[in-house]
Amino acid sequence: MRRAVALAARGLGHTSPNPVVGCVILDAEGQPAGEGWHQRAGGPHAEVHALRAAGERARGGTALVTLEPCNHTGRTGPCARALLDAGIARVRYAVADPTGQARGGAATLAAAGVDVAAGPLTDEAEAVNEAWLTAMRRGRPFVLWKYAATLDGRSAAADGTSRWITSAAARADVHRLRAEADAVVVGSGTLRADDPHLAVRDRDGVTQPLRVAVDTDATALKPDARILDDAAPTLVAVAEDADTGHLPAGTDTARLPRARAGRGLDIAALLAALHDRGVRSVLLEGGPTLAGAFLAAGAVDKVVGYLAPVLLGAGPAALADAGITTIAQALRMDTADVTRLGPDLRITAVPAAPTTTLAEEN
């Protein structure tokens, strides 16, 4: 199963709106016979690739798959039926399918006499597929907020310059995050300050993410902005009453309601629009104001911070107002990973589970 999880990870950034899935087939003697992963939406699922590799050795064997085999016919046939037709005798799946459309594969297999059980390595399989699982369970894309800052929490110097706070190793890692995401989102402040490009560079075989420019009043994005080139698809999110006449003809725009309080767009509406477009994972890259709006909306599922051993003493903070006014409201995080990248630290954190006080229990 651990091998199946590793195989599933190869599909990150390529399978949306489908999940990433890995599968290993053992023959009747318990020896590896075939393996595969879901490589792209519309293509064969992991089980089909693995069964093709195993051939006749699959008969009487075991399938270990990271997600419950699907039970429906979409652009491909049901994997539960493929496993039955191949003569698989045992199936172990790490995570149950949460979707009403596809789940039920385990029950179908069990009804046909296959030995089926959930597990092992559920946590590992959940982690590799966290974006898709979050999108299915919450009805919105998984959001990873990435930022780079100095040790004193500054995202730029007092004059606005920010290239480069972090090292080349950290910047290369950001391109990995982009390559694994369905969409990369920035706000008007970043558009004005950096004229970002946001396409993935220096990685082979990449499916370029959707570049999303959140420009509420359509005043930050210039007609010659780098994000409007043809290196990757681009969506410009603006308010319903914004004047977009200056944008190049054919620019893909989404008109969304403004936030009820404060400035900017309604974050829930933005995420719903992206979800409707098949986006299951969002990399939120900038800047502090947009990040604050996402956090205030409760729409950040993971944080990756790149901390450089640099001090500035002045300049914008990495995070602006997030609606937190007292320490009791602080969003507590659990540190999931700390990795050194050149001179920098990459810290990965997720929101901590809510704690219950003794008073609340009573």
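Here, every reference points to the structure presented above.
Residues numbered from 1 in each chain as written. Predicted model: local features only at pLDDT ≥ 70, side-chain atom pairs only at ≥ 80, totals over all residues. Heavy atoms only, no water.

Peer 1: Can you help me understand the pattern of salt bridges in this one?
Peer 2: Side-chain pairing between opposite charges can occur once the charged atoms of the two side chains come close. By the definition in use, this model includes 21 salt bridges. Between K146 and E285 there is a salt bridge, with the nearest N and O atoms lying 3.5 Å from each other. One end of the pair, K146, is in strand 6 (residues 142-150); the other, E285, is in the loop between strand 11 (281-284) and helix 10 (288-296), and 139 residues separate them in sequence. For the pair formed by K146 and E285, the shared burial category is buried. Between R346 and D173 there is a salt bridge whose closest N-O contact spans 3.0 Å. Residue R346 is found in strand 14 (residues 344-351), and its partner D173 is found in helix 7 (residues 168-180); the two are separated by 173 residues along the sequence. Of the residues examined, D173 reaches a relative accessible area of 10% and is grouped as buried. Each of D173, R176, E180, D337 and R346 takes part in one network of salt bridges that share partners. (Salt bridge = Lys/Arg side-chain N within 4 Å of Asp/Glu carboxyl O. Helix = DSSP H or I, 4+ residues; strand = E, 2+ residues; numbered from the N terminus. Buried < 20%, exposed > 50% of the residue type's maximum accessible area, 1.4 Å probe, protein only.)

Peer 1: It is not clear to me how the sheet that holds strand 14 should be interpreted in this structure. Could you clarify?
Peer 2: Two modes of strand pairing occur in sheets, parallel and antiparallel, and in both the strands are linked by backbone hydrogen bonds. Pairing is mixed across the open sheet formed by nine strands, whose spatial order is 10-9-8-7-11-6-12-14-13. Each having just a single partner strand, strand 10 (253-256) and strand 13 (333-341) make up the two edges of the open sheet. Across the sheet, the mean angle separating the axes of adjacent strands is 20° when strand polarity is ignored. With three bridges connecting them, strand 7 (residues 183-187) and strand 11 associate as parallel partners. Residue pairing across strands places A183 opposite V282, the latter belonging to strand 11. (Pairing = 2+ DSSP bridges. Axes fitted to C-alpha atoms, helices over the stretch in contact; angles between N-to-C directions.)

Everything listed here is a matter of coordinates, which is why it stays silent on function.
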